[in-house]
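Spelled out from the first residue to the last, the chains are:
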Amino acid sequence: MLSHFSYRNNQLHAEKVPLADIAERFGTPCYIYSKAALTAALDEFRQTLADSASGVETLICYAIKANSNLAILNLFSRMGAGFDIVSGGELARALAARADPRKIVFSGAGKRADEIEAALEAGILCFNIESAEELDRINNIAQRLGKRAPVSLRVNPDVDAGTHPYISTGLKENKFGVPVKEAEILYRRAAHLAGIEIKGIDCHIGSQILDPSPFFEALDKILLLADRLAADGILLSHIDLGGGLGICYREDEPAPTVASYLQPILDRLRGRGQKLILEPGRRLVGNAGLLLTKIEILKPGEHKNFAVVDAAMNDLARPALYDAWHDIVPVAPRQEETRNWEIVGPICESGDFLGHERPLALQTGDLLAIRSAGAYGMAMSSNYNTRPRAPEIMVDGAHVHLIRRREELAELYAQEQMLP
Ligand code: LLP
């Protein structure tokens, strides 16, 4: 994993560029992405599809929420990808990145009327509908605009994705989608609505899934439903299996190949004449990015040794939020003896940590790379503690592109107003 970030002459590089050079030029903390890694991640899907010769038409709709930088969206769009959006904001971003609206699917349990209107005006591929009320809302808006809204119902297949409870979505106790039985009734109703055009069926069972078998279980359930609907003349032109394929965050937890996930799916769809839509997020960007940070203060102690770095939970929330593991490695490894360090940010909360008990040889001023931070890193960052958000940099071979500049302090309170 992470071959696009590797050591040369004892210096960690992004492709051909030493990370220390980027720190020097743009400061820390900063997010660094490898264009080759992003391209390779999407290519793994494309190659598997080409190799399988299954004849199943497929559209990869990158889930923008994982990392919504325009440069990344534009890169994937140019490679032919579509997008999975969950808000009017993500629609605006996708269009700003020159995405093809006819390759956009719109997910999310609480779409507002203005967001639905904007998506109808843009001419998106499909709304993934999550409730009876949403079906009516979209029907009404489409009719008012003299349009027919293309829709799928997001079915909750009640399978256990075997992942963190916060990112598991396909169990019946989760708030997402409609149960299979209810979906069947809703489809029959939708078929008679003048503002609705039934396009497909959708499910998304969770995220960071390392054993792909729940995907197949979910697909089997929705195909049975699709067949029952077809018997009644309700024909679905696509099957959307959502996102969720996991990545490798630590060496002892390898991720499945795209082929081991996709091939059994294609086998099930072969000959059915339905298009496959996938909504991978993390898998396309997670391992293509890292967060570069500098050690500000070392505080060795009797019980714990703290390394206070200049990145914090506002930059990368995943450790604080999910107790998630990110590998943390030195940019220029030292030969000295290691000790166990708590890698923490400067924010006044005990939850502000990036890694526990990491055996490292550290000195103040050293640079550390927090790996696998390309997904749900910058996208979930905040300005907590009035900390400007980090810049984002894309490396392409020996070229370094600033794709989002660091926020300036005055921007952080520019929208605020004191009382007269
Ligand atoms: N489609 C839908 C409808 C989703 O809700 C999601 C993610 C995806 C696709 C993309 O899933 P992925 O391929 O990235 O697993 N913040 C959490 C992850 C939340 C995922 C939410 N839904 C984290 O940092 O782990």
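Look a little higher up for the structure.
Structure report, in brief.

Reading the values: rules and limits
Here the residue numbers are simple positions, counted from 1 along each chain's written sequence. Only residues with pLDDT of 70 or above have their local features reported here, since the model is predicted, and side-chain atom pairs are shown and tallied only from 80 upward, although totals for entire chains, interfaces and linings are computed over all residues. Working from all heavy atoms in the structure, the side-chain values ignore hydrogens and water. By the criteria applied, helices consist of DSSP H or I runs no shorter than four residues and strands consist of E runs no shorter than two, each listed in order from the N terminus. Radius of gyration here is computed from C-alpha atoms only, and the compact-globule reference equals 2.2 Å multiplied by the residue count raised to the power 0.38. Each residue is placed in one exposure class: buried if its accessible area under a 1.4 Å probe, protein chains only, is under 20% of its type's maximum, exposed if it is over 50%, and partly exposed if it falls in between. Only heavy atoms matter for contacts: two residues are in contact if any of them lie within 4.5 Å across the pair. Shrake-Rupley sampling with a 1.4 Å probe provides the accessible areas, and residues are treated as covered by the protein chains on show and by no other component. DSSP calls a pair of strands paired once it identifies at least 2 bridges connecting them. Definition of nonpolar core: a set of buried residues of the types Ala, Val, Leu, Ile, Met, Phe, Trp, Tyr and Cys, connected through side-chain atoms within 4.5 Å. Nearness is judged by heavy atoms alone; a residue qualifies as near a molecule or strand once a single heavy atom is within 4 Å of it. Nitrogen and oxygen atoms within 3.5 Å of one another constitute a polar contact, given that in protein one can donate a hydrogen and the other can accept it, and given that sequence-neighbouring residues count only through two side-chain atoms. Ten residue types, Ala, Val, Leu, Ile, Met, Phe, Trp, Tyr, Cys and Pro, are classed as nonpolar, four, Asp, Glu, Lys and Arg, as charged, and the remainder, Gly among them, as polar. Here the aromatic set is Phe, Tyr and Trp, taking the six-membered ring for Trp, and pairing holds for ring centres within 6.5 Å; pairs whose planes are under 30 degrees apart are stacked, those over 60 apart are edge-to-face, and all others are tilted. A positively charged side chain is recorded as over a ring if its NZ (Lys) or CZ (Arg) lies within 6 Å of the ring centre. The angle to the ring normal must also be within 35 degrees. Structural elements are reduced to axes, namely lines fitted to C-alpha atoms, with helices fitted over the stretch in contact, and the angle between N-to-C directions of any two is expressed from 0 to 180 degrees. The labels follow the angle: roughly parallel below 35 degrees, roughly antiparallel above 145, roughly perpendicular from 65 to 115, and oblique for the rest. Crossing chirality is assigned from the near helix's rotation relative to the far helix, an anticlockwise turn below a right angle marking it left-handed and a clockwise turn marking it right-handed.

Our next topic: the overall build of the protein. Within the protein, the secondary structure is distributed over 12 helices and 21 strands. On C-alpha atoms alone, the protein measures out to a radius of gyration of 23 Å, which is about the 22 Å that the 2.2 N^0.38 rule sets for 420 residues. When the backbone C-alpha atoms are referred to their principal axes, the protein occupies close to 70 × 60 × 40 Å. Out of the 420 residues in the protein, the part that is buried amounts to 55%. Contacts in the protein between residues far apart in sequence, at least 24 positions, make up 70% of those at least 6 positions apart. Summing over all exposed atoms, the protein offers an accessible surface of approximately 18,200 Å²; the carbon and sulfur share of this is 50%.

An order of β1-β2-β3 is seen for the 3 strands of this open sheet, with the pairing classed as antiparallel. The two strands at the open ends of the sheet, each matched to only one other strand, are β1 (5–8) and β3 (17–18). With 4 bridges connecting them, β1 and strand β2 (residues 11–14) associate as antiparallel partners. Paired with Phe5 across the two strands is Ala14, which belongs to β2.

On to unusual backbone geometry. In terms of backbone geometry, most residues other than glycine have negative phi values and most peptide bonds are trans. The omega torsion across Thr28 and Pro29 is -5 degrees, close enough to zero to call that bond cis. Take Pro29: it is sitting in the loop between α1 (19–26) and β4 (30–34). One non-glycine residue, Asp158, lies in positive phi territory at about 55 degrees. For Asp158, a relative accessible area of 29% gives the class partly exposed.

Before going further, it helps to examine helix α7 (residues 180–190). Those residues of α7 that fall on the buried side of the exposure criterion are Ala183, Glu184, Leu186, Tyr187 and Ala190. Here the buried face of α7 lies against α6 (132–144), β9 (149–156), β10 (178–179), β11 (196–202) and α8 (213–231).

So, on to the nonpolar core. If you look at the biggest cluster of nonpolar residues, it comprises 100 residues, and the most contacted ones within it are Tyr62, Phe76, Phe127 and Ile343. The element that contributes the greatest number of residues to this core is α8, accounting for 9 residues. Counting residues in each nonpolar core, the second largest holds 19 residues, with Ala14, Cys30, Val331 and Ile393 among its members.

In the region of the ligand, 19 residues are neighbours, and Ser207, Glu279, Arg282, Arg318 and Tyr376 sit closest. Residue Ser207 places a side-chain N or O atom 2.4 Å away from an oxygen atom belonging to the ligand. Residue Glu279 places a side-chain N or O atom 2.6 Å away from a nitrogen atom belonging to the ligand. For the ligand, the protein covers 91% of the area, taking 590 Å² as the surface of the free molecule. Among the residues forming the shell around the ligand, the class breakdown is 6 nonpolar, 7 polar and 6 charged.

Glancing now at the environment of Arg154. Turning to its location among the elements, Arg154 is positioned in strand β9. Put simply, Arg154 and Ser237 are 83 residues apart on the chain and 15 Å apart in space, counted from C-alpha to C-alpha. A distance of 3.1 Å separates the side chain of Arg154 from the backbone oxygen of His204, its partner in a polar contact.

Right, let's get into the packing of aromatic side chains. For the structure on display, the rule yields 5 aromatic pairs. On the basis of an interplanar angle of 15 degrees and a centroid distance of 6.3 Å, the ring pair of Tyr31 and Tyr33 is categorised as stacked. Like Tyr33, Tyr31 is buried. Members of the aromatic cluster, connected to one another through ring pairs, are Tyr62, Phe76 and Phe83. Between the NZ or CZ atom of Arg250 and the centre of the ring of Trp325, over which it lies, the distance is 3.9 Å.

Next up on the list: the environment of Leu59. Following the sequence through the fold, Leu59 ends up in strand β5 (residues 58–63). The exposure class assigned to Leu59 is buried, which follows from its relative accessible area of 7%. Sequence-wise, Leu59 and Ile234 are 175 residues apart; in three dimensions their C-alpha atoms are separated by 22 Å. What Leu59 contacts, discounting residues up to four positions off in sequence, is Gly80, Gly82, Lys103, Leu125, Lys275, Leu276, Ile277 and Leu278.

Their axes nearest at 10 Å, the elements helix α2 (residues 35–52) and helix α9 (residues 258–269) cross at an angle of 45 degrees. The angle between the axes of α2 and α9 places the two elements in the oblique class. Remark: the crossing between α2 and α9 carries right-handed chirality. In contact with Glu44, Phe45, Thr48, Leu49 and Ser52 of α2, α9 contributes Val258, Ala259, Tyr261, Leu262, Gln263 and Leu266.

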